[in-house]
Amino acid sequence: MARKISLLVVVLVAIVSLSLILVACGGVEAPTTTADATTKAPTTTPTPEVTTTTPATNPATPDSSTTPNSSAATTPKAPVTQAPVTYRGENEKWIEEVLYEEGQWVTPHEEYTLTAGKGVDGVEYDYIWYFSFKAEGGHFGTTAEDHPTHPAAPGIQLVTEPVALYIKDAADEDADYTKYNITYWTTAKWYQIWCVADGFVPVADTEYDLYLVFKTPVDTELEDGTVIYNGSNYPGQYHYIWNLGEYWTYKAPQKSESKYLSQVQFDQIVGDGWWLLENEPTTLAADGSIQVKFKSDGDPFDNSTDTKGVAFTLFESLYINGEEYEIEEGSYLPEQWYILNLKVKDFTPKAGETYEILFTLTSNDSTGTYCKYDSYYVLAADVSLPEAAE
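Structure report, in brief.

Conventions used here
Residues numbered from 1 in each chain as written. Predicted model: local features only at pLDDT ≥ 70, side-chain atom pairs only at ≥ 80, totals over all residues. Heavy atoms only, no water. Helix = DSSP H or I, 4+ residues; strand = E, 2+ residues; numbered from the N terminus. Buried < 20%, exposed > 50% of the residue type's maximum accessible area, 1.4 Å probe, protein only. Polar contact = N/O pair within 3.5 Å; in protein donor to acceptor, adjacent residues only side chain to side chain. Contact = heavy atoms within 4.5 Å. Expected span 1.5 Å × (residues − 1). Bend = angle between axes of the 7 residues up to and from the residue. 1 Å grid on protein atoms, 1.4 Å probe; cavity = no way out; pocket = protein on both sides within 12 Å on 5 of 7 lines; lining within 4 Å. Points joined across faces, edges and corners; volume = space filled by probe spheres on them. Nonpolar A, V, L, I, M, F, W, Y, C, P; charged D, E, K, R; others polar. Core = buried A, V, L, I, M, F, W, Y, C linked by side-chain atoms within 4.5 Å.

### Some details on the side chain of Thr187
So, point 1. By secondary structure assignment, the location of Thr187 is in strand β6 (residues 182-188).
So, point 2. The exposure class assigned to Thr187 is buried, which follows from its relative accessible area of 17%.
So, point 3. Within the structure, the side chain of Thr187 is placed 3.5 Å from the backbone oxygen of Ile156, a separation counted as a polar contact.
So, point 4. For Thr187, the contacting residues outside a window of four places in its chain are Ile156, Gln157, Val159, Gln192 and Ile193.

### With respect to the side chain of His139
So, point 1. Its place among the elements puts His139 in the loop between β3 (124-132) and β4 (161-169).
So, point 2. At a separation of 3.0 Å, a polar atom in the side chain of His139 contacts the main-chain carbonyl oxygen of Trp105.

### Some remarks on unusual backbone geometry
So, point 1. The phi torsion at Leu244 lies on the positive side, around 55°, for a residue other than glycine.
So, point 2. Structurally, Leu244 can be placed in the loop between β11 (238-241) and β12 (248-249).
So, point 3. Leu244 gets classed as exposed once you look at its relative accessible area, which sits at 57%.
So, point 4. Positive phi values are uncommon outside glycine, yet Asp382 reaches one of about 55°.
So, point 5. As for its position among the elements, Asp382 is in strand β21 (residues 375-383).

### Some remarks on helix α2 (residues 90-102)
So, point 1. Compared with the 18 Å implied by 1.5 Å per residue over 13 residues, the 17 Å span of α2 between its first and last C-alpha is a close match.
So, point 2. In the structure, α2 departs most strongly from a straight axis at Glu96, where the bend amounts to approximately 25°.
So, point 3. Residues of α2 that are buried: Glu92, Ile95 and Leu99.
So, point 4. For α2, the secondary structure elements touched by its buried residues are β4, β8 (207-215) and β11.

### What about the layout of surface pockets?
So, point 1. In this structure, the largest pocket spans a volume of roughly 770 Å³.
So, point 2. Together, 30 residues line the largest pocket, and Glu111, Thr113, Lys295, Ser296 and Asp297 are the ones closest to its centre.
So, point 3. At the level of elements, β2 (113-118), β7 (192-197), β12 and β14 (278-284) are the ones that each hand at least two residues to the lining of the largest pocket.
So, point 4. When residues in the lining of the largest pocket are grouped by element, the largest group, three residues, is from β2.
So, point 5. Lining the second largest pocket are 23 residues, and of these Thr115, Ala116, Gly117, Trp274 and Trp275 sit closest to its centre.
So, point 6. At the level of elements, β2, β3 and β13 (274-275) are the ones that each hand at least two residues to the lining of the second largest pocket.
So, point 7. With four residues, the single largest contributor to the lining of the second largest pocket is β2.
So, point 8. The residue inventory of the lining of the second largest pocket, partitioned by class, reads 12 nonpolar, six polar and five charged.

### Describing the nonpolar core
So, point 1. Ranked by internal contacts, the top residues of the largest apolar core, which has 33 residues, are Trp129, Phe131, Leu165, Ile193, Leu210, Leu212 and Ile241.
So, point 2. Secondary-structure elements contributing two or more residues to this core are β3, β4, β6, β7 and β8.
So, point 3. Every residue in contact with Trp129, bar those within four places of it in the chain, is listed here: Tyr112, Thr113, Leu114, Leu165, Ile167, Ile193, Trp194, Cys195, Ala197, Phe200, Leu210 and Trp248.
So, point 4. Residues Phe301, Tyr355, Phe359 and Ala380 belong to the second largest nonpolar core, which totals 29 residues.

Geometric descriptors of this kind do not, in isolation, establish any biological role.
Right under this line is the structure:
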């Protein structure tokens, strides 16, 4: 029995020794089992190799090293919204967005006039506009002596492309400009324009704002490269005559009627003559001398030469307060381009009296060069002796 126990001890010692040897050599120790729980040996998970990558900088995220603190940060401003430009119509829009941007402003000279008259085309018009402009701005020059169609001519005379006359009633703040096509157009000298705005009928004592728009010709380039100057210093551009916002008022012309003659008698005397309107009040002297200074509205005479057109007229008839008179022989004398002198025969005016003077003239221009009309007349009302003579 004692031998069996000894043998068992030896076996157990051998087994323990062998186990220790195996553990020392890297073996796995067997799990220990108890009656209550089984404890597994811990499992070791290998650590993977880690590669460190620096992330790209987001341009929308400021660097913290350069970001100012909150107290110094600038608050972004709200966007400024401009109110849209509103126009009263398409014509006003065109004037402000196209004409102002691309056009050349031509300064007016004399006051605009609007009268009935006959054009160089021989047509009688109810309303012919007259415009003139200053030399300031240097818009036009004179063509060369060898110009093929207009030798040594002022540049305005080569303008043949009117655009329109834009007109609006100044009192109507909500109105757009009305565009009137130009149906008659002619120029003279270096600064004069006559035209007809088709369909425009003025209202007496009404204020108007208006633009006369035309386009200048371009220079002509020949095949050999030669450039022919056509009189415009701004070729091929819009030009406009505008009085810088100062309104023009239409004044209806005096009525062509007599206080002392019936309309039938009056019409028989003046016929289809052109009315020479007074530029200054007609004067009457104690010896019966009369002097008239008339306007050049409508260009009734050609004054381009040293001999003025009015010199080609002859006296025809005279009526004072409806009674016919004669003039002294040789007393009818045209002077300069706008003055008429004559002396009434056997007539002595009285102080304190007023007189209506009507006289007619006929053209003596057989060529039709100097006188636009075949006949003319002067009608001057309420003419009296000057105070000194009274």
